[in-house]
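# Close look at the chain arrangement
Now for the letters of each chain:
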Amino acid sequence: MPADTAPRPAPIDVPAPRLTPAPLPPVLAQRRPPSAPRRSWLRRWRWRLLAIVLASIAAGYAALPRILGPVVVPIPAVRGDLVASVVATGRVETPHRIAIASQVTGTIAGIPVAEGQEVEAGQLLVALSDTEARAAIAQAEAALAQASTRLDQIGSVGLPMAEEALAQNEANLANAERAFARASQLRASNAGTEAQLDEARRALLVAQALVRASRVQVAGLSPGGSDRVMADSQRAEAAAALEVARARLGYTRIRAPLAGTLIARNVEPGWVVQPGQALMQLSPRGPTQLVVQIDEKNLSRIARGQPALASADAFPDRRFAARLAYINPAVDPERASVEVKFDVAEPPDYLRQDMTVSVDIAV
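I will try to describe carefully the structure that is included in this document. (Residues numbered from 1 in each chain as written. Predicted model: local features only at pLDDT ≥ 70, side-chain atom pairs only at ≥ 80, totals over all residues. Heavy atoms only, no water.)

## Examining the overall build of the chain
Counting secondary structure elements, the chain contains five helices and 14 strands. By the burial criterion, 26% of the 363 residues in the chain qualify as buried. In the chain, of all internal contacts separated by at least 6 residues, the share reaching a separation of at least 24 is 75%. Carbon together with sulfur atoms contributes 58% to the accessible area of the chain, which is approximately 25200 Å² in total. (Helix = DSSP H or I, 4+ residues; strand = E, 2+ residues; numbered from the N terminus. Buried < 20%, exposed > 50% of the residue type's maximum accessible area, 1.4 Å probe, protein only. Contact = heavy atoms within 4.5 Å. Areas by Shrake-Rupley, 256 points an atom, 1.4 Å probe, with all protein chains shown as cover.)

Encoded structure:
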């Protein structure tokens, strides 16, 4: 038999050695009891499980309205009247406005107020240069003083001197009359010459003329006379010129005619202004009105005295009461609207001029 075909010996079963774990040292055996891994796992997952449960409860509570639907509060049906209303828009205005203008030509020296400021009646708004006006006042005062002096001179000096001159001329006239009488007698008796008579007649005529002139002068200088009346007129004219000069000086100080709010200012210091030029716009203090344009198709539905609720576009949630006070008799053909005005008895503090408002009229 060949060598590779020789019978092999049967295998021998040898049992595998058992590996037994080495016993732990006494110290480690005390630190790690057999139940330690299980308790560590429970501590680690206890808080996670609690968080998962709480999150699940919160998610369920949040999703509860979606699952069950919104809460509907039932409202019982009642019988009532429907209120029809007309809604329109407009602006806040005062019953009238004042354009502040200059009455003279001048240069603006100062503006002590600001736009939007509340002013009182008589408060200074614009100051113009007053150099020329003050010079005119000085000139008028000098003319008045001259006219007054002339009038005083007539009463205290002119009239007494004229009366003295009249008395002297009357005395001279009496002498001339006596001299003329003697000359006439002498000529009648041929004791005097014709030349002497002519000289006495000439002296008499001159004395009579001087007396007449003195009387006219005294009459003119007396109260009611022409000279006195003329002097009075000149003094009155000078006084009037002084008043005009003072008035022109007053025109250089433009003041508020009424208390109110300055809603516009169109000039600055240094500008040259002309008479009638609008410098500012004053909204007088007083009742507040709402000026609204309403479509003409609603004209038959509105009447004076109707109540309304208004609100400013800047404060839509704050409404206030108003009452229809005026309906324009004319219709605007371009906009097919009618202008109406509402009185606001208690305007809120936030209302401003030209503020846009919406008005709801219960018709």
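## Side note on the sheet that holds strand β1 (residues 85-93)
Judged by pairing direction, the barrel is antiparallel, and its six strands sit side by side in the order β1-β10-β13-β12-β11-β14 before closing back on the first. Within the sheet, the average angular offset between the axes of one strand and its neighbour, ignoring direction, is 40°. Inspection of the sheet shows strand β12 (residues 315-332) paired to strand β13 (residues 337-344) by six bridges, in the antiparallel sense. When the bridges of β13 are listed, L324 appears paired with F342. (Pairing = 2+ DSSP bridges. Axes fitted to C-alpha atoms, helices over the stretch in contact; angles between N-to-C directions.)

## Comments concerning the pairing of strand β11 (residues 307-312)
Alignment of β11 against β12, held across six bridges, turns out to be antiparallel. What sits directly across from A312, in β12, is F315. In sequence, β11 turns back onto β12 through a hairpin of two residues. Examined bridge by bridge, β11 and strand β14 (residues 356-362) share five bridges and lie antiparallel to one another. Looking at β14, one finds that A310 is bridged to V359.

## As for the packing of aromatic side chains
Per the stated rule, a full pass over the model turns up one aromatic pair. Positioned over the ring face of F315 is R318, at 5.5 Å from the centre of the ring. (Phe/Tyr/Trp six-rings, centres within 6.5 Å; stacked < 30°, edge-to-face > 60°. Lys NZ or Arg CZ within 6 Å of the ring centre and 35° of its normal.)

## Here we look at the sheet that holds strand β8 (residues 272-273)
Strands sit in the order β6-β5-β3-β8 across an open sheet of four strands; the sheet is antiparallel. With one partner strand each, in any of the chains shown, β6 (253-255) and β8 form the two edges of the open sheet. Where strand β3 (residues 106-110) and strand β5 (residues 124-128) come together, two bridges link them in antiparallel fashion. Across the sheet, the residue bridging to G110 is A127, located in β5.

## A few points about the environment of G270
In this structure, G270 sits in the loop between β7 (260-265) and β8. According to the relative accessible area criterion, G270 is partly exposed, its value standing at 49%. Remark: the alpha-carbon pair of G270 and I108, spanning 162 residues in sequence, is separated by 5.1 Å. When residues no more than four places from it in sequence are discounted, the contact partners of G270 are T107 and I108.

## Some remarks on a nonpolar patch on the surface
Nonpolar side chains collect at one region of the surface, where W47, L50, V53, L54 and I57 lie side by side and expose about 540 Å² of accessible area between them. Structurally, the position occupied by V53 is in helix α2 (residues 36-68). In this structure V53 comes out as partly exposed when scored by relative accessible area, which is 45%. (Patch = residues over 30% accessible without salt bridge, like charges linked within 9 Å, V, L, I, M, F, W, Y side chains within 5 Å. Salt bridge = Lys/Arg side-chain N within 4 Å of Asp/Glu carboxyl O.)

## Focus: unusual backbone geometry
In most cases, non-glycine residues show a negative phi, while peptide bonds are predominantly trans. Not every positive phi belongs to a glycine, and A336 is a case in point at roughly 55°. Topologically, A336 is positioned in the loop between β12 and β13. For D354, which is not glycine, the phi torsion reads 65° and is therefore positive. Mapped onto the elements of the fold, D354 is located in the loop between β13 and β14. According to the relative accessible area criterion, D354 is partly exposed, its value standing at 33%.

## Focus: helix α4 (residues 194-221)
Taking 1.5 Å per residue, 28 residues should reach 40 Å; α4 reaches 41 Å between its end C-alpha atoms and fits that length. Residues of α4 that are buried include every one of L197, A200, L204, A207, V211, S214, V218, G220 and L221, and no others. Looking at the buried positions of α4, the neighbouring elements they touch are α3 (131-188) and α5 (226-251). (Expected span 1.5 Å × (residues − 1).)

## Some remarks on the pattern of salt bridges
Here the structure, examined in full by the defined rule, presents 14 salt bridges. Of the charged contacts in the structure, one is a salt bridge between E243 and R246, with a shortest N-O distance of 3.7 Å. Taken together, the residues E243 and R246, both in helix α5 and three residues apart, mark about one turn of the helix. By relative accessible area, which is 47% here, E243 ends up partly exposed. Each of E118, E120 and R285 takes part in one network of salt bridges that share partners.

## Details of the environment of L204
With respect to the helices and strands, the residue L204 is situated in helix α4. Residue L204 is classed as buried on the basis of its relative accessible area, which comes to 11%. In this structure the C-alpha to C-alpha distance between L204 and N172, which are 32 residues apart in sequence, comes to 8.6 Å. Not counting the four nearest positions on each side in its chain, L204 is found in contact with L173, A176, E177 and F180.

## Quick notes on α3
For α3, built from 58 residues, the straight-helix expectation of 86 Å at 1.5 Å per residue is met to within 8% by its first-to-last C-alpha distance of 81 Å. Approximately 45° is the largest bend angle found in α3, and it occurs at I154. (Bend = angle between axes of the 7 residues up to and from the residue.)

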